[in-house]
Amino acid sequence: MAVDHDRDIVSAPTELMKFETRHVPGALKLSQEMGWPYRQEDWEFAVAVGNGLVLERAGQVIGTAMSWNYGQAYATAGMIIVTGSAQGGGNGSRLFDGLLQATDGRNVLLNSTEEGLALYKRRGFNAWGTVIQHQGPLTVAVTQSTRDDIRQSTVSDLAAIQAFDERATGMPRPSMVAGLADAGSVLVIERAGRIAGYAIARRFGRGYVVGPVAAESAQDARLLILAQLATLHGQFVRIDVYAEHGLGDWLDSLGLARVGDVIAMVKGRQPICAGTARMYALANQSFG
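Everything numeric here is computed off the predicted structure, so don't read it as measured data.

Attention now goes to the overall build of the protein. A count of helical and extended segments in the protein gives nine helices and 13 strands. The C-alpha radius of gyration computed for the protein amounts to 20 Å, which stays within 12% of the reference 19 Å derived for 288 residues, consistent with globular compactness. Its C-alpha atoms give the protein principal-axis dimensions of about 75 × 40 × 35 Å. Burial analysis of the protein (288 residues in total) assigns 52% to the buried set. Here the contacts in the protein between residues at least 6 apart in sequence split such that 73% fall between residues at least 24 apart. Each charge class in the protein can be summarised by its mean position, and for the 26 positive and 28 negative side chains these summaries are 3 Å apart.

What follows is the structure, encoded as structure tokens:
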């Protein structure tokens, strides 16, 4: 007698559990199903610096949801996926409600596609901005910067970079910034002996991502981005920027075309930047 294993899997009960390293291959398969260009290394990094939940059915990962806590007041959420065969049965809500519970009452930020807006609005999230994704092969020649205020960071700069990041985001993210710095190349702007901005370029997805980029002005953000791009000629590059800062047309002129956007949302209180420091480009739409 023939056995329909696929039907047995679909009818099996689902279990919500903590995301562990063993779930990475299944999570990678889900993101590939969605057409996301994540590599296994990208999932491993996200899991190492964050917390997550998976829905598992008959030993297979059918859903993921990740969060990253920043101090006692804030968290970001992302990498929320449910496989096609498990959609429409409440699995997405079950995952997301579990994730919100795990953030322990923190204010939660996320970036939503149009498809996710209804779910997030029902959970009390409100839109506050737009993140625009630019990417493409970097074929425009970018000249290496000769400015003496932009330099490669050193280990001794990390604490100052972390402090600047907190001013730019309004959230304490020392572990995230340390992990990103360790994974990529870090440039800083130094003025009068202090760090006045930083940018990280690292391997991600189809090539490289430039972000985070934090600075005290849009002009400084452009200088940092150009300095990173000068080392990435011929590579596939992605940069996700906040629409409010007006960098989109400039990135288009560099051959990094706008390919999509997401809605920045918050449940609770939005973090407040300190002084003139601002975050211009994200490390990842999920990390915030």
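The subject of this paragraph is the domain arrangement of the protein. In terms of domains, the protein is made up of domain 1 (14-105) and domain 2 (133-282). For domain 1 and domain 2, the distance between their C-alpha centroids amounts to 26 Å. Listed as interface residues are twelve residues of domain 1 and, on the opposing side, 16 residues of domain 2. The junction of domain 1 with domain 2 conceals about 1,300 Å² of combined surface from both sides, 70% of it contributed by carbon and sulfur atoms. Of all residues in domain 1, the largest losses of buried area upon contact with domain 2 belong to Phe45, Tyr70 and Tyr74, amounting jointly to 51% of the total for that side. The interface formed by domain 1 and domain 2 contains zero salt bridges. For the side of domain 1 that touches domain 2, the secondary structure elements donating two or more residues are helix 3 (40-49) and strand 3 (60-70). A total of three residues in the side of domain 1 that touches domain 2 trace back to one element, the largest contributor, which is helix 3. Its residues placed into classes, the side of domain 1 that touches domain 2 shows nine nonpolar, one polar and two charged.

Its twelve residues place the ends of helix 4 (residues 91-102) 17 Å apart at the C-alpha level, agreeing with the 16 Å of an ideal helix rising 1.5 Å per residue. Along helix 4, the residues that are buried comprise Asn91, Leu95, Phe96, Gly98, Leu99 and Leu100. Of the residues flanking the end of helix 4, it is aspartate 104, one or two places downstream, whose phi is positive at about 55°.

The next point concerns the nonpolar core. Residues Phe19, Trp43, Trp68, Tyr198 and Phe287 are the most contacted members of the largest nonpolar core, which totals 44 residues. Here this core spans two domains, and each of domain 1 (14-105) and domain 2 (133-282) adds at least three residues to it. Once residues within four sequence positions are removed from consideration, tryptophan 43 is found in contact with Phe19, Val24, Ala27, Leu28, Ser31, Tyr38, Thr64, Met66, Met79 and Ile81.

As a further point, take the packing of aromatic side chains. In this structure the tally under the stated criterion is ten aromatic pairs. Linked through ring pairs, Phe19, Trp36, Tyr38, Trp43 and Phe204 together constitute an aromatic cluster. Looking at arginine 202, its charged tip hangs above the ring of phenylalanine 45, at a distance of 5.3 Å from the centre. Over the face of the ring belonging to tyrosine 208 we find arginine 203, whose NZ or CZ atom lies 5.7 Å from the ring centre.

With numbering matched to this structure, UniProt assigns "domain: N-acetyltransferase" (unreviewed entry) to residues 14-143. The annotated region residues 14-143 carries 29% helix and 38% strand content, and the separation between its end C-alpha atoms amounts to 54 Å.

Okay, the pattern of salt bridges next. By the definition in use, this model includes 14 salt bridges. When the shortest N-O distance is used, the salt bridge between arginine 106 and aspartate 104 registers 3.8 Å. When its relative accessible area of 11% is taken as the criterion, arginine 106 is described as buried. The class for aspartate 104 is exposed, based on a relative accessible area of 61%. A salt bridge links glutamate 216 to arginine 194; its shortest N-O distance comes to 3.0 Å. Of this pair, glutamate 216 sits in the loop between strand 10 (207-215) and helix 8 (218-229) while arginine 194 sits in strand 9 (residues 194-204), and the two are 22 residues apart along the sequence. Residue classification places arginine 194 among the partly exposed residues on the basis of a relative accessible area of 40%. Each of Glu20, Arg22 and Glu56 takes part in salt bridges that share partners, so that together they form one network.

Now for the environment of isoleucine 62. You can see isoleucine 62 is positioned in strand 3. A relative accessible area of 4% means that isoleucine 62 is categorised as buried. Along the sequence, isoleucine 62 and glycine 248 sit 186 residues apart, while their C-alpha atoms lie 36 Å from each other. Not counting residues up to four positions away in its chain, the partners in contact with isoleucine 62 are Thr14, Leu30, Leu55, Glu56, Arg57, Ile81, Val82, Thr83 and Ala86.

The rules we used
Residues numbered from 1 in each chain as written. Predicted model: local features only at pLDDT ≥ 70, side-chain atom pairs only at ≥ 80, totals over all residues. Heavy atoms only, no water. Helix = DSSP H or I, 4+ residues; strand = E, 2+ residues; numbered from the N terminus. Rg over C-alpha atoms; globule rule 2.2 N^0.38 Å. Buried < 20%, exposed > 50% of the residue type's maximum accessible area, 1.4 Å probe, protein only. Contact = heavy atoms within 4.5 Å. Lys, Arg positive; Asp, Glu negative; His and termini not counted. Charge placed at Lys NZ, Arg CZ, Asp CG, Glu CD. Domains from an automatic or database assignment. Buried area = accessible area lost by both parts, 1.4 Å probe. Salt bridge = Lys/Arg side-chain N within 4 Å of Asp/Glu carboxyl O. Nonpolar A, V, L, I, M, F, W, Y, C, P; charged D, E, K, R; others polar. Expected span 1.5 Å × (residues − 1). Core = buried A, V, L, I, M, F, W, Y, C linked by side-chain atoms within 4.5 Å. Phe/Tyr/Trp six-rings, centres within 6.5 Å; stacked < 30°, edge-to-face > 60°. Lys NZ or Arg CZ within 6 Å of the ring centre and 35° of its normal. UniProt positions renumbered as here; feature names shortened; annotations may be inferred.

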